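Topology and contacts: notes
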Amino acid sequence: MATVELRFSAQPEHVRTARLVAAAVARRAGVDEAVLDEVRLAVGEACSRAVGLHRGHGITDPVRVVLTEEEKSFSIEVGDGVPGSGGAAAGGPGGSASGDLHESDAEGEDEMGLAVISGLVDDVEVTSGDDGGVIRMSWPTGSAATPP
């Protein structure tokens, strides 16, 4: 199992670098060429979400991206440092029911980003905890996509 870990400061200009690294590692892992655009877009959405969460909550820790090549799949985990940041709607766990317009807009963008990721990736999992949230996405590699 080969793993590449990327950490970057929560600046929007670093999202492009994360997308490029993810596409390069996915290609090397054997992800189908036709799917690489989806990988780039999904990683861009997940990293943009993490950057927005960090900046909105004053978190100075870096955004974490872990790219893992397994025997029959390739996975990417994008982690943020915001406790309870897992895709909850306003008022739910990790959400807010304060009614603040700015918060409501940010939550709407967050939900939209998660919807885009779900549309791009068949295997996606969003979790959150006290240490922050993680979006885990995975794609089959060439060895899993072609029958023996």
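Numbering of residues starts from 1 in each chain and follows the order in which that chain's sequence is written. Local features in this predicted model are restricted to residues of pLDDT 70 or higher, and side-chain atom pairs are both shown and tallied only at a pLDDT of 80 or more, whereas totals for entire chains, interfaces and linings draw on every residue. Hydrogens are left out, water is left out, and the side-chain values use all remaining heavy atoms of the structure.

So, the overall build of the chain
The helix count covers DSSP runs of H or I at least four residues long, the strand count covers runs of E at least two residues long, and both are numbered beginning at the N terminus. On a plain count of helices and strands, the chain comes out with four helices and five strands. Along the chain, helices (α) and strands (β) appear in the sequence β-α-α-β-β-α-β-β-α when read from the amino end. Counting all 148 residues of the chain, 34% fall into the buried class. Put simply, the chain shows about 8,000 Å² of open surface, and 51% of that area lies on carbon and sulfur atoms. Relative accessibility under 20% of the residue-type maximum defines a buried residue, over 50% an exposed one, and the middle range a partly exposed one, all with a 1.4 Å probe and only protein chains included. All accessible areas in this document rest on Shrake-Rupley with a 1.4 Å probe, and a residue is counted as covered only by the protein chains that are shown.

Let's talk about the packing of helix α1 (residues 15-29) against helix α2 (residues 36-57)
For the pair α1 and α2, the least separation of the axes is 9 Å and the interaxial angle reads 145°. Once α1 is placed against α2, the crossing between them reads as right-handed. When α1 is examined against α2, the residues V15, A18, R19, A22, A23, A26 and R27 are found in contact with a partner set consisting of L36, V39, R40, V43, G44, C47, S48 and V51. Gly is placed with the polar residues, together with every amino acid not listed as nonpolar (Ala, Val, Leu, Ile, Met, Phe, Trp, Tyr, Cys and Pro) or charged (Asp, Glu, Lys and Arg). Of the residues in the contact of α1 with α2, the class split is 10 nonpolar, two polar and three charged. Fitted lines through C-alpha atoms give the axes, limited to the stretch in contact for helices. The angle between two N-to-C directions lies from 0 to 180 degrees. With the far helix as reference, a near helix turned anticlockwise by less than a right angle produces a left-handed crossing, and one turned clockwise produces a right-handed crossing. We call two residues in contact whenever any of their non-hydrogen atoms come within 4.5 Å of each other.

Focus on a negative patch on the surface
A cluster of like negative charges, contributed by E38, D122, D123 and E125, occupies part of the molecular surface. Its location among the elements puts E38 in helix α2. When its relative accessible area of 32% is taken as the criterion, E38 is described as partly exposed. Residues form patches when they are more than 30% accessible in relative terms and have no salt bridge. Like charges link within 9 Å. Nonpolar side chains (Val, Leu, Ile, Met, Phe, Trp, Tyr) link within 5 Å. Whenever a carboxyl oxygen of Asp or Glu lies within 4 Å of a side-chain nitrogen of Lys or Arg, that contact is scored as a salt bridge. Asp and Glu are treated as the negative residues and Lys and Arg as the positive ones, with His and the ends of the chain left uncounted. Charge positions come from single atoms, namely NZ of Lys, CZ of Arg, CG of Asp or CD of Glu.

As for the pairing of strand β4 (residues 123-129)
At least two DSSP bridges between two strands are needed for those strands to be called paired. As defined by bridge partners, β4 adjoins strand β5 (residues 132-140) across seven bridges and the pair is classed as antiparallel. Note that in β5 the partner of V124 across the bridge is M137. What sits between the antiparallel neighbours β4 and β5 is a turn of two residues.

Here's the deal with the environment of E5
Of note, E5 is situated in strand β1 (residues 2-8). The spacing of E5 and L67 is 62 residues in sequence and 6.2 Å in space, taken between C-alpha atoms. Not counting residues within four places of it along the chain, the set of residues in contact with E5 comprises V65 and V66. Side chain to side chain, E5 and R7 meet in a polar contact 2.8 Å long. The definition of a polar contact used here is a pair of N or O atoms within 3.5 Å, where within protein one atom must be able to donate a hydrogen and the other to accept one, and adjacent residues in sequence count solely through side-chain atom pairs.

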